[in-house]
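Chain by chain, the residues:
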Amino acid sequence: MQNPHTPPDYRYNLSAHIDTAYPQKPRFFIKTYGCQMNERDSEKMAALLLVMGFEAADSQETADLILYNTCCVRENAEDKIFGHLGRLKHLKADKPALIIAVGGCMSQQSEMAQTLREKHRYVNLIFGTANRHRLPEFLWRVMCGGERVADITEGEELPEITDIPVTTREFSHKAGVNIMYGCDNFCSYCIVPYVRGREKSRPQADILHEAAALANDGVKEIMLLGQNVNSYAYDFPRLLREVNKIDGLERIRFMTSHPKDFSDELVAAMRDLKKVCKSVHLPLQSGSTRILADMNRKYTKEQYIALARKLTAIPDFALTTDIIVGYPSETEADFLDTLDVVRQVRFAGAFTFIYSKRSGTPAAQREDSVPRKVANERFDRLTAELYPIFTEKNLAKVGGVVDVMVDEAASPLVTSVECLGGSHNVTNSSEVGVVKYKGRTDDHTLVHFEAHEGLKAGDIVPVRVTEGKTFYVSGVGLD
Ligand code: SAH
Ligand code: SF4
Ligand code: F3S
């Protein structure tokens, strides 16, 4: 098997081929589905493509290579990807030289890779999460050898680490840094351990090296990434203390935390370390101890609430979560436990999901599924409980001043802003020299604000909050 620690092989240099086959540099477009893990993987694959002689395209339509980095955590993620792939088929009919590649978690499933191979003949390259570092080799075979490649390192144990340390990133001011790969928790509903392999932590020195290189390159905010960062093998609180010392970094976040491994030492580190943001995403999944046990989550309703209390005792702290409704056998009483936790903890934000059966997971064997109608109804009751809490929390910020890190300036025209729960339009102010921006507070509240022209992504500015909505606040820059 391929040595997991083998770096990407740059011998597959396409320059001779590119010089003869393309009048200009060929352009790539990567579309990323799923979580931050996939976003970081896409940045790493973009770095490989740049080394190979590609350049970035502005859109799918102008690209010579379209790469979909896929997710399979829920069925609707896969449906969406297939919908989008269908459109690429037409694009390819007009432009036969177009190369279409599908990688990531969805294609890592062997049945899915087979479906893509057999039923989606217009896809030139199918690969997975485990062998993404072999992208140069695969593309070389497609482009120079005229092959159609489908390789997901099937039948072999997924390599432990396929690390490509790069500073290439989507945003100039913020970046993710993997601290671990894979997951060993095997929550009964979840496909991730099967498509991402066993949990493996990166050495602290490698992480610090990458974070320092990013800070040196202008990054202000680092997100430490792992499916369960609290089980980082080499002492997560100590890692936070070390990252906190890196010059140039202003904010440190991490994602995702598992309640079963959240130590008191970590709570203390969050409280004491200045650059560590006062917000945690702590998936609850269910408020019912019985369902939690069935999900293999290894904590009870009471343990979750106790941990949430410790965290929210930190001043200006915000807790967000993930909740699943309609898990097999979930009763009305189980669901009421979930609502009870929501009322007691008062989350600042939440991603809510209807249980989706994932083949190959233990929960998929069960026959006591919750009828769709009941699951839909619970979903609506859950959001009806959550959303007014979000609004109240945002209204409580009105009149106060918050420090906002600028994510982007809105364009001068009407801009559609995507946020949790939908999109809305923001129009620019007619006042000369005043621009609309959006950014985040330390506790991760989304802020739309007006301020003078010239602020850059990564700048931190004081903003007076004037309005509180369900998914964001609005305000005016004070600088
Ligand atoms: N590692 C993280 C999150 C991984 S997936 C964690 O442990 O929390 C992100 C979220 O998707 C999960 O928190 C869960 O709420 C949701 N999810 C995962 N599998 C799902 C499924 N089969 N159906 C519905 N939601 C699911
Ligand atoms: Fe999935 Fe559970 Fe691992 Fe999160 S901790 S990725 S929900 S198995
Ligand atoms: Fe999806 Fe894979 Fe992330 S399944 S949620 S992209 S780890």
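Heads up: the structure comes first, above all this text.
Residues numbered from 1 in each chain as written. Chains lettered and ligands numbered in written order. Predicted model: local features only at pLDDT ≥ 70, side-chain atom pairs only at ≥ 80, totals over all residues. Heavy atoms only, no water.

**Student:** An account of unusual backbone geometry is requested, with residue identities and associated values reported.
**Tutor:** A cis amide bond links Met255 to the next residue, Thr256, at an omega of 0 degrees. Inspection of the secondary structure assignment puts Thr256 in the loop between β11 (251-255) and α10 (264-272). With a phi angle near 80 degrees, Asp235 is a residue other than glycine that sits in the positive phi range. Among the secondary structure elements, Asp235 is positioned in the loop between β10 (221-225) and α9 (236-244). On the accessibility criterion, Asp235 (30% relative accessible area) is partly exposed. The phi angle at Gln285 is positive, at roughly 70 degrees, despite the residue not being glycine. Structurally, Gln285 can be placed in the loop between β12 (279-281) and α11 (289-294). Residue class for Gln285 comes out buried when judged on its relative accessible area of 8%. (Helix = DSSP H or I, 4+ residues; strand = E, 2+ residues; numbered from the N terminus. Buried < 20%, exposed > 50% of the residue type's maximum accessible area, 1.4 Å probe, protein only.)

**Student:** Quick rundown of the pattern of salt bridges? Include the residues and the values.
**Tutor:** For the structure on display, the rule yields 32 salt bridges. Two residues, Glu137 and Arg134, come together in a salt bridge whose shortest N-O distance is 3.1 Å. Take Glu137: its relative accessible area is 15%, and that puts it in the buried class. The partner of Lys260 in a salt bridge is Asp261, and the shortest N-O contact between them spans 2.8 Å. The class of Lys260 is partly exposed, set by a relative accessible area of 29%. Several salt bridges converge on common partners, so that one network encompasses Arg134, Glu137, Arg141, Glu147 and Asp151. (Salt bridge = Lys/Arg side-chain N within 4 Å of Asp/Glu carboxyl O.)

The quantities given are spatial measurements derived from coordinates; they are silent on function.
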